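# Residue-level structure breakdown
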Amino acid sequence: MTTAPETTAGGCPVHPQEQFAKLTMRDRDLVRCPFPVYAEMRREAPVMWNDRLGAYIISRYEDIREVLRDPKTYSSLQASGPTSVTPLARQVEADESYSEETRAAAHRRLELAEYPVLINSDPPEHKRQRALVAAAFTPRRIKEMEPHFQAIADDLIDKMADEGVTDIVEDFALPLPMTVIAGLLGVPADMMHTFKEWTGAFTKGVGAMDLTHEDITELFKSTNAFYTYFGAEIERRRKEPQDDLIGTLLDARLDGETPLGDEELLQMLVLFLVAGNETTTNLISSMVYYLLKDPELLASLREDEDLITPFVEECLRLESPTQGLYRTATTDTSIGGVDIPEGTMVFLMYASANRDEEIFSDPDELDLENPSTQHLAFGRGEHVCLGANIARREAFIAVKTLINRLTDLELAVPDPEVEYQPSFILRGLATLPMRYRKVDSPR
Ligand code: HEM
């Protein structure tokens, strides 16, 4: 059993309300290690109102499970929260200090938001959409994709110099899932940097509450470019059918159900690119970070490949790339004895649930012998992550390939200099400089 890096409270007094407010302001140290704050919230204030979010923060596993079991009482329409793209678009559309162009782009977003999909939709629409896309994500399909994941991982290693320092985020963890999803969608992988910029726009407000006028202007420029590009791709597939995910979704039919409309499809493409990329990048880079900090762990994975699967699962639990998401009460209700009035938002902290001492013995430890099967890193219930098995297999292949093809791995900067992205929802390293040598290169 190995201690997960930087997860203990360190003996300092923690005031949950104050500390959580600092976290939402993206305090560097708290973003690096929010877990002691979560632990204190579970102990002292498991259902805690936060003015800044305008939501109750739910931190205990059982309370979160209760909410996830009941999508009728807890709507997903605003699952990404009060500062995600749609609420920002409402704000921009009403604010004349933004240019015509930015307001038109915000308006386009609001028109599309009339067609919520999957992560943002409720029953019965959600059930219909999920059934229509399920065929594209069967275990057989994912199995068929694996050689493709492996080829991409190998290609990324091939492109590295024989030895030196690489930023594992930029050179490996980011392009791997991005190339996978571009391949699935049948769009050119060499547009990766553009896709990254566009998808970054959709997540910018998630987990950041202090965007500037300029940030918001840039954000809507990117969302607009995304819609224009993918709108044209959908149009093109209608004229010239192609055997890719966009084609599969266009053709998806179910007895008695309306096929996906163009707006729904466009929203889904946003979701696949946004939900599927950054999260998987963050999982892969956090796994590499663990390995760099713990040579014994690295050696044991090299010795026994079967340990990689529990390692993926434990990193999902401990790091939770999606730290939490929101629901909105559709009726007066209560959680853990606290009244939640109709229309109130609740923030479900999956990352806190994943270290709840009531559920996990040694919750801050990486336990490869008894990996948890009940973590909430992919959510649970009706909205459980559609791409969970893709992410798991990508992460497995990423780690296997790295540890087999590279050696002499070391962190190339002092550990305190390793930076996290400034978000309290999307947890991930901004960069991870790593020293390495290729296994087959001369010393
Ligand atoms: C480590 C990687 C990933 C993490 C941590 C993650 C996390 C999550 C979480 C927590 C949810 C639940 C949302 C909720 O409770 O409201 C979710 C939903 C979803 N994820 Fe993922 N995800 C990952 C990778 C992927 C990939 C690779 C794809 C697609 C290729 C994907 C597509 C989706 C979709 C479409 C949903 C919405 C499902 C629904 O509401 O029915 N995700 N994801």
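Please read these numbers as outputs of a predicted model, since none were measured by experiment. (Residues numbered from 1 in each chain as written. Predicted model: local features only at pLDDT ≥ 70, side-chain atom pairs only at ≥ 80, totals over all residues.)

### A word on the overall build of the protein
Test applied: By definition, any uninterrupted DSSP run of H or I lasting at least four residues is a helix, any uninterrupted run of E lasting at least two residues is a strand, and each is numbered from the N terminus. Only the C-alpha atoms count toward the radius of gyration. The rule for a globule is 2.2 Å times the residue count to the power 0.38. Exposed residues have 12 or fewer other C-beta atoms within 10 Å of their own C-beta, buried residues have 20 or more, and partly exposed residues fall in between, where C-beta atoms are placed from the backbone. Note on contacts: each residue gets a C-beta atom placed from the backbone, and two residues are in contact if those atoms are within 7 Å.
Regarding its fold elements, the protein presents 18 helices and twelve strands. In summary, the protein has a C-alpha radius of gyration of 22 Å against a globular reference of 22 Å for 443 residues, a match within 12%. For the protein, the spread of C-alpha atoms along the three principal axes comes to 60 × 55 × 45 Å. The 443 residues of the protein split such that 42% are buried. Sequence separation of 24 or more characterises 74% of the internal contacts of the protein that already satisfy a separation of 6 or more.

### Details of the environment of Pro371
Residue position: Pro371 is located in the loop between strand S10 (365–366) and helix H18 (388–405). Note on Pro371: 18 C-beta atoms within 10 Å, which makes it partly exposed. Here the alpha-carbon distance between Pro371 and Val312, two residues 59 residues apart in the chain, equals 9.2 Å. Those residues in contact with Pro371, other than ones at most four positions away along the chain, are Pro310, Glu313 and Glu314.

### Here's the deal with the sheet that holds strand S12 (residues 433–438)
Heads up, the rule is: Two strands are said to pair when DSSP picks up at least two bridges between them. Every angle, taken between N-to-C directions, lies between 0 and 180 degrees, and every axis is a line fitted to C-alpha atoms, over only the stretch in contact when it is a helix.
Pairing is antiparallel across the open sheet formed by three strands, whose spatial order is S5-S12-S11. The sheet terminates laterally at strand S5 (163–167) and strand S11 (406–411), the two strands that pair on one side only. Looking at each pair of strands side by side, their axes are set apart by 30° on average, direction ignored. Across the sheet, helix H14 (residues 262–293) touches S11 and S12, and the angle it forms with S11 is around 85°.

### Here we look at the site of the ligand
Worth spelling out the cut-off: By definition, a residue lies near a molecule or strand when the C-beta atom built from its backbone is within 6 Å of it. Residue classes follow a fixed rule: Ala, Val, Leu, Ile, Met, Phe, Trp, Tyr, Cys and Pro count as nonpolar, while Asp, Glu, Lys and Arg count as charged, and any other residue, Gly among them, counts as polar.
Close to the ligand lie 26 residues, the nearest being Gly276, Thr279, Gly379, Cys385 and Gly387. Listing elements by their share of the shell around the ligand, those giving two or more residues are H14 and H18. Sorting elements by how many residues they give to the shell around the ligand places H14 first, with seven residues. Each residue belonging to the shell around the ligand can be placed in one class, and the counts come to 17 nonpolar, eight polar and one charged.

### Describing the nonpolar core
We apply this condition: Throughout this description, the term nonpolar core refers to a group of buried Ala, Val, Leu, Ile, Met, Phe, Trp, Tyr and Cys residues whose C-beta atoms join them within 7 Å.
If you look at the biggest cluster of nonpolar residues, it comprises 122 residues, and the most contacted ones within it are Ile58, Met287, Val288, Val346 and Phe347. Here this core gets 17 residues from one element, more than from any other, and that element is H14. Among all residues touching Phe347, those that are not within four sequence positions of it are Leu53, Ala55, Ile57, Ile58, Gly324 and Tyr326.

### Let's talk about unusual backbone geometry
Note the cis peptide between Pro123 and Pro124, where omega equals 0°. Among the secondary structure elements, Pro124 is positioned in the loop between helix H6 (100–112) and helix H7 (125–134). The phi dihedral of Leu118 falls on the positive side, at around 40°, and the residue is not glycine. You can see Leu118 is positioned in the loop between H6 and H7. Residues other than glycine seldom take positive phi values, yet Asp408 does so here, at roughly 50°. Secondary-structure assignment places Asp408 in strand S11.

### Description of the packing of helix H8 (residues 139–158) against helix H10 (residues 175–185)
Filter applied, for reference: Working rule for angles: under 35 degrees goes down as roughly parallel, over 145 as roughly antiparallel, 65 to 115 as roughly perpendicular, anything else as oblique. Take the far helix as the reference: if the near one is turned anticlockwise from it by less than a right angle, the crossing is left-handed, and if turned clockwise, right-handed.
Interaxial distance between H8 and H10 falls to 10 Å at its minimum, and their mutual angle equals 135°. Considering their axes alone, H8 and H10 lie oblique with respect to each other. At the point where H8 passes H10, the crossing takes the right-handed sense. Contacts from His148, Phe149, Ile152, Ala153 and Leu156 of H8 reach H10 at Pro175, Leu176, Thr179, Val180 and Gly183.

### Describing the sheet that holds strand S4 (residues 74–75)
The five strands lie next to each other as S2-S3-S9-S6-S4, forming an open sheet whose pairing is mixed. Both edges of this open sheet fall to strand S2 (47–50) and S4, since each of them pairs with a single strand only. As paired elements, strand S3 (residues 55–58) and strand S9 (residues 345–348) share four bridges and run parallel to each other. When the sheet's bridge partners are listed, Ile57 is paired in S9 with Phe347.

### Things to note about helix H4 (residues 61–68)
Along an α-helix, residues three or four positions apart point the same way, because every turn accommodates 3.6 residues. Test applied: To be clear, the arc concerns the directions from the helix axis to the C-beta atoms.
Within H4, burial applies to Tyr61, Asp63, Ile64, Val67 and Leu68. Looking straight down H4, one finds that the buried residues subtend no more than 165° of arc, so they occupy a single side.

### Observations concerning the confidence of the model for the protein
Defined as follows: The pLDDT score gives, residue by residue, the confidence of the prediction method on a 0 to 100 scale.
In this model, the protein carries an average pLDDT of 92, and 96% of its residues clear a pLDDT of 70 or more. Note that residues 1–11 has pLDDT below 50 and, in this model, 22 contacts with residues that lie over four places away or in other chains.

### What to know about the environment of Met192
Position of Met192 relative to the elements: it lies in helix H11 (residues 192–203). Met192 sits in the partly exposed class, given 17 other C-beta atoms within 10 Å. Between the C-alpha atom of Met192 and that of Met178, which follows or precedes it by 14 residues, the distance is 6.6 Å. Those residues in contact with Met192, other than ones at most four positions away along the chain, are Pro175, Met178, Thr179 and Ala182.

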